[in-house]
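Residue-level structural notes
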Amino acid sequence: MIPVLVTGAGGFIGHHLVKYLVGRGYWVRGADIKLPEYEPSAAHEFLQCDLRLHDACQRAAQGMEQVYHLAADMGGIGFISGSHAEITLNNTLISAHMAKAAADNRVKRFLFSSSACVYPMHLQTSPDVTPLSEDVAWPAQPEEGYGLEKIYMEKLCQYMTEDWGLSTRVVRFHNVYGPLGTYDGGREKAPAAICRKVALCPDGGTIEVWGDGLQTRSFMYIDDCVEGLYRLMQSDYTAPLNLGTDEMISINDLVDIAASVADKRIAKRHDVSKPQGVRGRNSDNALIRKVLGWEPATTIREGLAPTYRWIEAELAAGRAGRLPDAAE
Ligand code: NAD
Ligand code: GDD
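Everything quoted here is computed from the prediction, not taken from an experiment. (Residues numbered from 1 in each chain as written. Chains lettered and ligands numbered in written order. Predicted model: local features only at pLDDT ≥ 70, side-chain atom pairs only at ≥ 80, totals over all residues. Heavy atoms only, no water.)

Quick look at helix H1 (residues 12–23)
- Look at H1: 17 Å from first C-alpha to last across twelve residues, which is about the 16 Å you get at 1.5 Å a residue.
- Among the twelve residues in H1, nine count as buried, and that is most of the element.
- Residues of H1 that are buried include every one of Phe12, Ile13, Gly14, His15, His16, Leu17, Val18, Tyr20 and Leu21, and no others.
- Looking at the buried side of H1, the elements it contacts are strand S1 (3–7), strand S2 (27–32), strand S4 (66–69), strand S6 (168–173), strand S7 (176–177) and helix H7 (222–234). (Helix = DSSP H or I, 4+ residues; strand = E, 2+ residues; numbered from the N terminus. Expected span 1.5 Å × (residues − 1). Buried < 20%, exposed > 50% of the residue type's maximum accessible area, 1.4 Å probe, protein only. Contact = heavy atoms within 4.5 Å.)

A word on the site of ligand 1
- Phe12, Ile13, Asp32, Tyr146 and Val176 are the nearest of the 26 residues found near ligand 1.
- The contact in question runs from an oxygen atom of ligand 1 to an N or O atom on the backbone of Ala72, over 3.2 Å.
- Here Lys150 contributes a side-chain N or O atom positioned 2.9 Å from an oxygen atom of ligand 1.
- Those elements that place two or more of their residues in the shell around ligand 1 are H1, strand S5 (109–115) and helix H5 (146–164).
- Ranked by the residues each element gives to the shell around ligand 1, the list is headed by S5, at three residues.
- When the residues that make up the shell around ligand 1 are grouped by side-chain class, the tally is 13 nonpolar, seven polar and six charged. (Near = heavy atom within 4 Å. Polar contact = N/O pair within 3.5 Å; in protein donor to acceptor, adjacent residues only side chain to side chain. Nonpolar A, V, L, I, M, F, W, Y, C, P; charged D, E, K, R; others polar.)

Describing the packing of aromatic side chains
- Enumeration over the complete set of coordinates arrives at six aromatic pairs.
- Relative to Tyr221, the ring of Tyr177 lies with its centre 5.6 Å away and its plane at 55 degrees, an arrangement referred to as tilted. Residue Tyr177 is found in strand S7, and its partner Tyr221 is found in strand S10 (residues 220–221); the two are separated by 44 residues along the sequence. Residues Tyr177 and Tyr221 agree in their burial class; the two are buried.
- Aromatic pair Tyr183 and Trp310: ring centres 5.5 Å apart, planes at 85 degrees, arrangement edge-to-face. Here Trp310 lies in helix H10 (residues 300–316) and Tyr183 lies in the loop between S7 and helix H6 (190–200), a separation of 127 residues in the sequence. (Phe/Tyr/Trp six-rings, centres within 6.5 Å; stacked < 30°, edge-to-face > 60°.)

Focus: the sheet that holds S1
- Pairing is parallel in the open sheet, where seven strands are placed in the order S3-S2-S1-S4-S5-S6-S11. Each edge of the open sheet carries a strand with a single partner, namely strand S3 (45–48) and strand S11 (240–243). Neighbour-to-neighbour, the strand axes of this sheet turn through a mean angle of 20 degrees, independent of strand direction.
- The pairing of S2 with S3 spans four bridges and is classified as parallel. Directly across from Gly30, in S3, lies its bridge partner Phe46.
- The strands that helix H2 (residues 54–61) touches are S1, S2 and S3; relative to S2, the one it contacts most, it runs at about 170 degrees. (Pairing = 2+ DSSP bridges. Axes fitted to C-alpha atoms, helices over the stretch in contact; angles between N-to-C directions.)

What to know about the site of ligand 2
- For ligand 2, the set of nearby residues contains 26 residues, the closest of which are Ser115, Lys197, Arg217, Pro275 and Gln276.
- One of the backbone nitrogen or oxygen atoms of Ala190 is found 2.8 Å away from an oxygen atom of ligand 2.
- Residue Pro275 places a main-chain N or O atom 2.7 Å away from an oxygen atom belonging to ligand 2.
- Across the complex, the protein chains shield 99% of the 710 Å² of accessible surface that ligand 2 would expose by itself. (Areas by Shrake-Rupley, 256 points an atom, 1.4 Å probe, with all protein chains shown as cover.)

Quick notes on helix H8 (residues 251–262)
- Taking 1.5 Å as the rise per residue, H8 with twelve residues should run 16 Å; its terminal C-alpha atoms sit 17 Å apart, in good agreement.
- Taken as a whole, H8 has its buried residues at Ile251, Asn252, Leu254, Val255, Ile257, Ala258, Ala259, Val261 and Ala262.
- Turning to H8, the residues buried within the fold contact H6, strand S8 (206–210), strand S9 (216–218), strand S12 (248–250), strand S13 (267–271) and H10.
- In the stretch just after H8, Asp263 is the one whose phi turns positive, near 60 degrees.

Looking at the UniProt feature "domain: NAD-dependent epimerase/dehydratase" (unreviewed entry) in the protein
- Cross-referencing UniProt, the feature "domain: NAD-dependent epimerase/dehydratase" (unreviewed entry) maps to residues 4–235 in the present numbering.
- Along residues 4–235 the backbone is 38% helical and 19% strand, and the end-to-end C-alpha distance reaches 16 Å. (UniProt positions renumbered as here; feature names shortened; annotations may be inferred.)

Put into structure tokens, the structure is as follows:
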């Protein structure tokens with residue numbers, strides 16, 4: 001069995017990836033500062049440790065052939081637009097130590113999870129945004145803090161490949177959603193937040209939507225995300241690659257789709273004082289089609305249905321409540 005490390009295995013994507021890799025016959029070590037919140041990990045071994053620390057990263061990488069590095073201090077726009085110092089410092093420590101540990105332990109492949117947040121802010125000022133192709137990331141103007149660390153780490157991966165021969169893969173995720181993802185507490189992203197608000201809202205009621213709702217995004221379903229991660233790791237492609245759908249929708253559309261899944265009439269109360277991030281963002285998938293001969297295919301309508309049902313069931317079971325007012 002090939003030994004593989006998944007960092008961030010207590011988080012959303014990492015937890016799904018561990019299940020996927022175990023299903024494919026890998027021996028999987030998970031590492032995270034916390035255990036998965038919603039179901040037990042499928043990992044063969046789970047190291048609960050603080051990956052900001054050099055020694056924890058060295059221990060985690062020991063004996064591994066491949067590393068999927070997903071651990072990060074992470075959240076939706078409400079979270080990453082506050083605490084720039086803490087997020088930047090934590091993620092710099094985690095990723096630099098993890099990449100060095102991968103090199104020191106001579107792992108065969110190291111995959112770094114970057115983000116669409118590396119793309120220049122000035123290219124994302126319109127809802128009708130031109131899809132972002134990989135080559136426009138430089139000259140750089142990433143999102144403050146979180147995006148800055150991601151683009152720095154992309155370069156560190158490149159330098160470790162050039163100077164030390166570490167074989168790296170770099171994925172730029174666009175907004176990922178699905179069951180078992182954070183849906184309350186302040187770190188949730190728009191799809192989970194909207195599902196939660198719709199689930200808690202009576203038929204005919206009103207929910208709060210951040211911004212005017214005209215801002216746009218593309219959203220990738222978690223099954224496509226883990227499939228894409230696996231395919232990229234198998235490939236020989238080492239430069240940064242978008243992983244997202246190119247189905248761009250407005251946040252108002254997202255609310256309408258969630259309402260239709262829930263079979264409720266839902267009105268919107270827009271709050272432009274809330275964090276909004278970029279005005280428009282979409283993935284250009286020409287390169288992933290060429291490199292992998294594949295791209296994420298699940299539409300938002302298909303993916304939001306199981307996501308909504310899972311969040312609705314969580315709320316019905318009374319497992320939420322980490323927000324003082326879950327409708328905010
Ligand atoms: P997540 O928050 O669910 O998972 C990240 C995990 O990292 C968490 O379980 C957290 O406990 C762990 N972690 C944080 N600090 C740690 C520390 N000091 N030591 C050990 N573990 C620590 O986030 P996710 O959605 O699964 O994202 C996974 C990766 O993908 C992250 O690197 C994130 O930046 C990147 N990404 C995700 C998205 C998305 O839409 N989900 C978009 C762009 C990039
Ligand atoms: N979180 C959230 N909660 N967003 C809302 C809400 C709400 O209740 N209502 C409307 N929105 C709007 C936000 O104002 C923003 O314009 C849009 O929905 C998307 O918000 P998020 O999903 O929180 O974040 P993002 O798309 O700006 O950035 C996320 O994706 C990046 C990758 O594409 C973040 O998770 C980043 O960390 C990630 O790198």
